[in-house]
Amino acid sequence: MGLLDVLDARLGDGLENVLCSHHARRLRRLGWGEVLDGEGAGWFTPRRTVQHGNKVEVLIDGATAFPVVAEAIENAQKYVHIANWHASPDFRLTREPGAPQLRELLSAAAERVPVRVLLWAGPPIPFFEPTRKRAAAAQKAFLECGAVRCELDARERTLHCHHEKIVVVDDVAFVGGLDMTAVEGDRHDSPEHPPRDLGWHDHVARLEGPVVAEVAAHFAARWLEIAGETLPAPVVPPEAGPSSAQLVRTIPERTYGFAPHGDFTLLDSYLRALRSAQSLIYVENQFLWSPEITEVLIEKLRRPPSREFRMVLLLPQKPSNGADTTRGQLGRLIDADSDGRLVAATLVAHGDAPVYVHAKLTIVDDQWLSVGSANLNEHSLFNDTEVNVVTDDASVARMTRLRLWAEHLDADVSGPVDEVVDSVWRPSLEGRSRVMPLPGVSRRAGRLQGPLRGLLVDG
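Residues numbered from 1 in each chain as written. Predicted model: local features only at pLDDT ≥ 70, side-chain atom pairs only at ≥ 80, totals over all residues. Heavy atoms only, no water.

Visitor: Please explain the overall build of the chain as it appears in this structure.
Guide: In terms of regular secondary structure, the chain is built from 13 helices and 17 strands. For a compact globule of 459 residues, the expected C-alpha radius of gyration is about 23 Å, and the chain comes in at 21 Å, within 12% of that figure. Its C-alpha atoms give the chain principal-axis dimensions of about 65 × 50 × 40 Å. Counting every position in the chain, which comprises 459 residues, the buried fraction comes to 62%. In the chain, once contacts between residues fewer than 6 apart in sequence are set aside, the share between residues at least 24 apart is 79%. Working note: accessible area of the chain is about 17,100 Å², and carbon and sulfur atoms make up 53% of it. Averaging the locations of the 50 positively and 63 negatively charged side chains of the chain gives two centres separated by 4 Å. (Helix = DSSP H or I, 4+ residues; strand = E, 2+ residues; numbered from the N terminus. Rg over C-alpha atoms; globule rule 2.2 N^0.38 Å. Buried < 20%, exposed > 50% of the residue type's maximum accessible area, 1.4 Å probe, protein only. Contact = heavy atoms within 4.5 Å. Areas by Shrake-Rupley, 256 points an atom, 1.4 Å probe, with all protein chains shown as cover. Lys, Arg positive; Asp, Glu negative; His and termini not counted. Charge placed at Lys NZ, Arg CZ, Asp CG, Glu CD.)

Have a look at this one:
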C-alpha cells in the first residue's frame, strides 16, 4: 500500500468516525441511542410490534410483481392506497396488449372504492428526479381521473426524499423497492433478464394477515398529516399463514407529528440481524455506503462466527450515484476478508448488458429476511422515509434465497451454503454467466465522498 493509500485510509477512517459519532449523538438526543450505542441482536427490534399468522411471499422482478399488484387493484372491494417515491399516470403494470395505464386502472377502481395516492413532491431545486414539475404533472393527471385522490408530500428533509413504496388493497399489502414509473429505468425486468436499455432487478413482498394492518396504519398516519383526512382505523385481517412479520421504518425526526422523535427501527432491525449472523449474510442492494452497516460486516469477516460463515454481496455495476463510496466500503470489506469468505458480484443480462441491481433485500442465516425500500446508505437509514418488512420465517428466507441464487447462477444451489458459495458462485464469476465480479474497487479518495456527503446533508 502506497503513502497516498495510507493517508486516504486514515482520512476515511477519521471522517467515518466523525459521521458515526454524529449519528450516535443525534439518536441519543432523540431517545434512540441504544440502536447505535448497544450491542442488541436478534431477529426483531423491540420498538415495533411483531405480528403473527401472516403469509409472506417475495415477488422477484417487476414482470412478476406488477401483474400481481394490478390484479389486486382490479379486484379491490374496500380501498386502494398507494405511497410511492413517484408514480407515472401512463405507466402500465403489465405489457400485455391492451393493458391499461395506471391512471385508467385506478380510475376504474375508484368507481367502486376509495383510491388514494401519496407521492413525494420532488426536490425543491431540480437537481434530481422526480422534479417538482414532474410530480405536479403526475398529480394533475391522477386527479383528472375523477374520484382518484392524489396528494404530494413535501415534508422531506433537505436533499432527501420520501422513498417508500407501499400498496394496500383491502386485506393485502405490497412492500418493496419498485415504483410504478419508467423514470430512470425499466422496472419490467424478469428473472430471465433479457437485454434491455436498463433492466432493474428488484423485489416486492406480498403480505396477508395481521401485518397488513400495520402497513395500512402507516399510510393512514401520513395521509392524515398531508391530506388532512382521518381514515377509519384499519381492521386487522385474520391470520393467513405461518409467518411472524414486523414492519420497520425510517422516519426522520420533526417530519410528522405522529413520530416527532423519528422512527429508526429499520436501522435497528438491520444491525440486530447482522450482529446475529452465524453462517450467512446475503445482501442485494443498490448502495452500500453506511459505515454503521459495514463495520458489522467487517467484524464478521475479521472474526468469523463459524467455519461455514460466508458473505455474498450483489450490487449494481454502476449505481446511479455514490459508486466510489460503495467501492470504497467494498474495498474495506475485501481488505478484512483474509479467509476468502466474501463474494462481491453484479448482474448482467444475456448478451452481457448490465442489469441494474435496485434491490433492497437481505437474508441472514436462512432464518431472517428483510425486503422493502431501504438502501444501505445514510439516506435510507437516517433521513429518507422508508418501509421494510422483516420475517424470521426460515422457510420464506431459505426459499427466497434458493430462487434468487438459481436465477442468478442457473445452477443447482440446494447444497450447504458454504459449498455453494465456494463451488458455484466463485467459478461463475470467472466464466460467462449472469454474474460478474464487481469491477473498479476503490480504496482511495472515492471512499471519502460518502462520509463527506453524510456530514454535509445529515441533520
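Visitor: I'm lost on the packing of aromatic side chains in this one. Help?
Guide: Aromatic rings in a pair are described by how distant their centres are and how their planes are angled relative to each other. Going through the model one piece at a time under the given rule, you end up with 10 aromatic pairs. A centroid spacing of 5.3 Å and a plane angle of 70° characterise the contact between Phe66 and Phe91, whose relative ring orientation is edge-to-face. Remark: Phe91 occurs in the loop between strand E2 (80–84) and helix H4 (102–110) and Phe66 occurs in helix H3 (residues 62–74); sequence separation between them is 25 residues. Per residue, the accessibility class of Phe66 equals that of Phe91, and both read buried. Ring centres of Phe287 and Trp289 lie 5.1 Å apart, and the angle between their planes is 50°; on these two criteria the pair is classed as tilted. Trp289 carries the same exposure label as Phe287, and that label is buried. (Phe/Tyr/Trp six-rings, centres within 6.5 Å; stacked < 30°, edge-to-face > 60°.)

Visitor: Would you take a moment to explain helix H12 (residues 417–430) for this structure?
Guide: For an α-helix, 3.6 residues make a turn, and residues three or four places apart therefore share a direction. The end-to-end C-alpha separation of H12 is 19 Å, in line with the 20 Å expected for 14 residues at 1.5 Å each. Here H12 has its buried residues at Val417, Asp418, Val420, Val421, Val424, Trp425, Ser428 and Leu429. Here the buried face of H12 lies against strand E10 (280–285), strand E11 (310–314), strand E12 (342–347), helix H11 (394–409) and strand E17 (435–437). (Expected span 1.5 Å × (residues − 1).)

Visitor: Could you clarify how one ought to interpret the side chain of Gln329 in this entry?
Guide: Take Gln329: it is sitting in helix H9 (residues 323–336). The buried category is assigned to Gln329, whose relative accessible area is 1%. When neighbours within four sequence positions are excluded, Gln329 is seen to be in contact with Glu16, Leu288, Trp289, Pro291 and Thr294.

Visitor: Looking at this model, I keep getting lost on the side chain of His193. Mind explaining?
Guide: Within the fold, His193 resides in the loop between strand E6 (172–176) and strand E7 (199–201). When neighbours within four sequence positions are excluded, His193 is seen to be in contact with Asp61, His201, Leu347, Ala349, His350, Val355 and Glu407.

Visitor: Which parts of the structure should I look at to understand H4?
Guide: Among the residues making up H4, those that are buried are Leu102, Leu105, Leu106, Ala109 and Ala110. Considered in projection along H4, the buried side chains sweep an arc of 135° and stay on one side of the axis. At its buried positions, H4 is contacted by H3, E2, strand E3 (115–120) and helix H5 (132–143). (Arc of directions from axis to C-beta.)

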